[in-house]
Amino acid sequence: MIYLDHHATTPPLPAVIGAMGAVMADSWANASSKHGPGQAAARVLAGARSAVAQALGCKPAEVVFTSGATEANHLAVRGLLAAAPAGRRRVLFSAAEHAGHLKLARELMDAGTPVDLIPLQPDGTLHLDAAARLIRSDVALVSLMAANNETGALMPVAEVAALAAAAGARLHVDATQWIGKRPFHFSEWGADAVSLSAHKFNGPKGVGALLLRQGVPLRPTMPGSQERGRRGGTENLPAIVGLATALEALGDLGAEAARQAALRNRLECALQSELPGVHIWSRGAPRLPGVSFLRVGNWEADVLLGRLERLGFAASSGAACSSSGSAPSHVLCAMGVPDEEALGAIRLSLGRTTTDTDVDTLIAALPTLRSLLPAAQAVAA
Ligand code: PMP
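Scoring rules and cut-offs
Residues numbered from 1 in each chain as written. Predicted model: local features only at pLDDT ≥ 70, side-chain atom pairs only at ≥ 80, totals over all residues. Heavy atoms only, no water. Near = heavy atom within 4 Å. Polar contact = N/O pair within 3.5 Å; in protein donor to acceptor, adjacent residues only side chain to side chain. Areas by Shrake-Rupley, 256 points an atom, 1.4 Å probe, with all protein chains shown as cover. Helix = DSSP H or I, 4+ residues; strand = E, 2+ residues; numbered from the N terminus. Nonpolar A, V, L, I, M, F, W, Y, C, P; charged D, E, K, R; others polar. Phe/Tyr/Trp six-rings, centres within 6.5 Å; stacked < 30°, edge-to-face > 60°. Buried < 20%, exposed > 50% of the residue type's maximum accessible area, 1.4 Å probe, protein only. Pairing = 2+ DSSP bridges. Axes fitted to C-alpha atoms, helices over the stretch in contact; angles between N-to-C directions. Contact = heavy atoms within 4.5 Å. Core = buried A, V, L, I, M, F, W, Y, C linked by side-chain atoms within 4.5 Å. Arc of directions from axis to C-beta.

## Some words on the site of the ligand
No. 1: Taken together, 13 residues sit near the ligand, with Thr70, Asp174, Gln177, Ser197 and Lys200 positioned nearest.
No. 2: Backbone polar atom of Ala69 to an oxygen atom of the ligand: 2.9 Å apart, as the coordinates give it.
No. 3: Relative to its unbound accessible surface of 400 Å², the ligand loses 87% to contact with the protein.
No. 4: It is helix α3 (residues 69–82) that contributes the most residues to the shell around the ligand, 3 residues altogether.
No. 5: In terms of residue class, the shell around the ligand is built from 2 nonpolar, 9 polar and 2 charged.

What follows is the structure, given as structure tokens:
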């Protein structure tokens with residue numbers, strides 16, 4: 001099976017698996033224990049924290065390890081909101097946020113917090129004029145993703161950071177799909193808090209971090225003594241070491257991005273010449289290098305994905321967390337795409353382990369895919 005779903009998750013590197021196994025075997029003591037084995041585990045934890053800080057351009061004390069980006073996002077929004085001054089209660093989310101994060105927006109709204117969604121432009125990027133209108137003096141916090149998990153569209157983080165700073169609001173950036181794919185330096189973004197998740201860059205699942213700018217007040221959502229009181233619970237040391245190992249292995253992001261973009265562009269050209277009515281969303285926008293979010297004629301996503309799987313390719317209809325339902329992507333809805341078109345959306349996402357041969361094999365299979373599709377829905381886009 002050729003795996004084309006790297007935005008859902010990525011295979012852990014052999015170095016990550018090795019490092020995690022070694023920690024499980026040798027450093028299993030509790031890093032908060034005062035005895036020798038505990039202190040040895042604490043040193044491993046400190047080493048991983050320094051490596052993460054070094055790779056991401058922040059201070060070790062600014063790294064709060066979490067169980068992943070969902071938790072980091074919750075901690076940022078709930079924690080920064082709870083610590084905001086009394087006159088600032090409004091929270092802004094972009095309409096492109098991860099489905100799980102928008103559930104938090106709904107929960108806040110239901111509990112009486114004023115929440116607004118910053119709309120998107122038809123190409124999937126943020127509507128910056130609308131953001132400028134919405135970021136006012138009553139805003140506690142803006143929560144914006146750096147890159148969308150479905151379309152790959154990049155969001156104007158620096159511009160929103162400037163707007164937030166001018167209005168005295170905090171900025172949280174969900175960089176889950178950005179980190180590992182694009183260059184990142186915490187101090188250059190102007191964000192107060194940034195979320196990341198190891199399984200998006202060939203690390204383990206169930207571990208991530210919130211980078212929190214020094215001096216920014218945050219009320220913990222899971223109080224405890226670990227992580228300088230910002231996140232309770234015994235640290236998942238093997239996973240944290242796996243995260244650090246994956247970050248250290250990233251290497252030259254520019255060369256890898258160029259390689260993936262060339263593969264993706266070749267694939268998109270072939271899709272357009274071999275299949276009828278292919279429409280690729282966000283193609284004209286700045287976007288992540290390895291992703292293509294598209295529909296083919298009027299074929300439903302499930303039909304396309306079923307045929308692709310039969311031919312040996314694993315892809316998805318969008319975010320893994322929402323792809324079990326048949327509702328159209330909220331991101332496409334926010335871009336103004338009609339439901340009947342959005343229901344055809346499939347996402348092909350390449351990664352570090354995707355080879356030229358993988359893409360060539362898919363291109364060679366396109367005529368067969370074409371012949372397997374039911375003729376009735378071959379209406380041109
Ligand atoms: N934000 C974005 C943009 C994502 O793509 C994902 C994962 N699909 C998450 C948050 C949630 O990450 P995790 O699986 O680590 O909770």
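## Quick word on the packing of aromatic side chains
No. 1: Under the criterion given, the structure shown has 3 aromatic pairs.
No. 2: Geometrically, the ring pair formed by Phe184 and Trp189 is edge-to-face, given 4.9 Å between the ring centres and 80° between the ring planes.
No. 3: Trp189 sits in the buried class, given a relative accessible area of 12%.
No. 4: Taking 5.6 Å as the distance between ring centres and 55° as the angle between the ring planes, the aromatic pair formed by Trp281 and Phe293 counts as tilted. Placement of the pair is Trp281 in strand β9 (residues 278–281) and Phe293 in strand β10 (residues 291–296), with a sequence separation of 12 residues.
No. 5: Chaining the aromatic ring pairs together yields one cluster made of Trp178, Phe184 and Trp189.

## Notes on the sheet that holds strand β12 (residues 346–349)
No. 1: Reading across from one edge, β9-β10-β12 is the order of the 3 strands in this open sheet, with antiparallel pairing throughout. Two strands in the sheet have a free side with no partner beyond their single neighbour: β9 and β12. Neighbour-to-neighbour, the strand axes of the sheet open up by a mean angle of 35°, direction not taken into account.
No. 2: Along the sheet face, helix α10 (residues 301–310) touches β10 and β12 and points at about 40° away from the line of β12.

## A few points about the side chain of Thr66
No. 1: Note that Thr66 resides in strand β2 (residues 63–66).
No. 2: Within polar-contact distance, the side chain of Thr66 engages the backbone oxygen of Gly68 at 2.8 Å.
No. 3: Apart from residues no more than four positions distant in its own chain, Thr66 is found in contact with Glu71, Ala72, Leu75, Gly206, Val207, Gly208, Ala209, Leu210 and Arg231.

## Points about the environment of Pro14
No. 1: On the secondary structure map, Pro14 appears in helix α1 (residues 14–26).
No. 2: For Pro14 and Asn202, which are 188 residues apart along the polypeptide, the C-alpha to C-alpha distance reads 9.4 Å.

## Remarks on the nonpolar core
No. 1: Among the nonpolar cores identified, the biggest contains 76 residues, and Ile179 and Val194 are the most heavily contacted of them.
No. 2: If we skip the residues at most four places from it in the chain, Ile179 touches Leu56, Phe184, Val194, Leu196, Phe201 and Leu247.
No. 3: Counting residues in hydrophobic clusters, the runner-up holds 27 residues, among them Ile2, Leu275, Trp299 and Leu348.

## With respect to the sheet that holds β2
No. 1: The 7 strands are arranged β2-β8-β7-β6-β5-β3-β4 in an open sheet whose pairing can be described as mixed. Across the chains shown, the open sheet's two edge strands, defined by having one partner strand only, are β2 and β4 (115–118). Taken over all neighbouring pairs, the strand axes of this sheet differ in orientation by 20° on average, direction set aside.
No. 2: As defined by bridge partners, strand β6 (residues 170–174) adjoins strand β7 (residues 193–197) across 3 bridges and the pair is classed as parallel. Counterpart to Val173 in the pairing with β7 is Val194.
No. 3: Helix-sheet contacts for α3 involve β2, β3 (90–94), β5 (139–145), β6, β7 and β8 (208–212), and the interaxial angle to β7 is about 165°.
No. 4: Each of β5 and β6 is contacted by helix α6 (residues 157–167), which is oriented at about 160° to β6, the strand it contacts most.

## Observations regarding the side chain of Ser282
No. 1: Take Ser282: it is sitting in the loop between β9 and β10.
No. 2: Under the relative-accessibility criterion, Ser282 is labelled buried at 6%.
No. 3: Within the structure, Ser282 has its side chain in polar contact with the backbone oxygen of Asp123 (distance 2.7 Å).
No. 4: Setting aside residues no more than four positions away along its own chain, Ser282 makes contact with Asp123, Gly124, Thr151, Ala153, Arg287 and Met335.

## A closer look at α6
Side chains that are three or four residues apart share a direction in an α-helix, a result of its 3.6 residues per turn.
No. 1: Looking at α6, one finds that the buried residues are Val157, Val160, Ala161, Ala164 and Ala167. Down the axis of α6, the buried set is contained in an arc of 135°. They therefore lie on one face. Of the exposed residues in α6, those oriented more than 90 degrees away from the buried face are Ala158, Ala165 and Ala166.
No. 2: On the buried face of α6, the contacting elements are α5 (128–134), β5, β6 and α7 (186–189).
No. 3: Where α6 terminates, the next one or two residues include Gly168, which has phi positive at roughly 75°.

## Notes on the pairing of β2
No. 1: Alternating residues of β2 divide into Val63 and Phe65 and Val64 and Thr66, and every residue in both groups is buried.
No. 2: Direction of pairing for β2 relative to β8: antiparallel, over a ladder of 4 bridges. Directly across from Phe65, in β8, lies its bridge partner Ala209.

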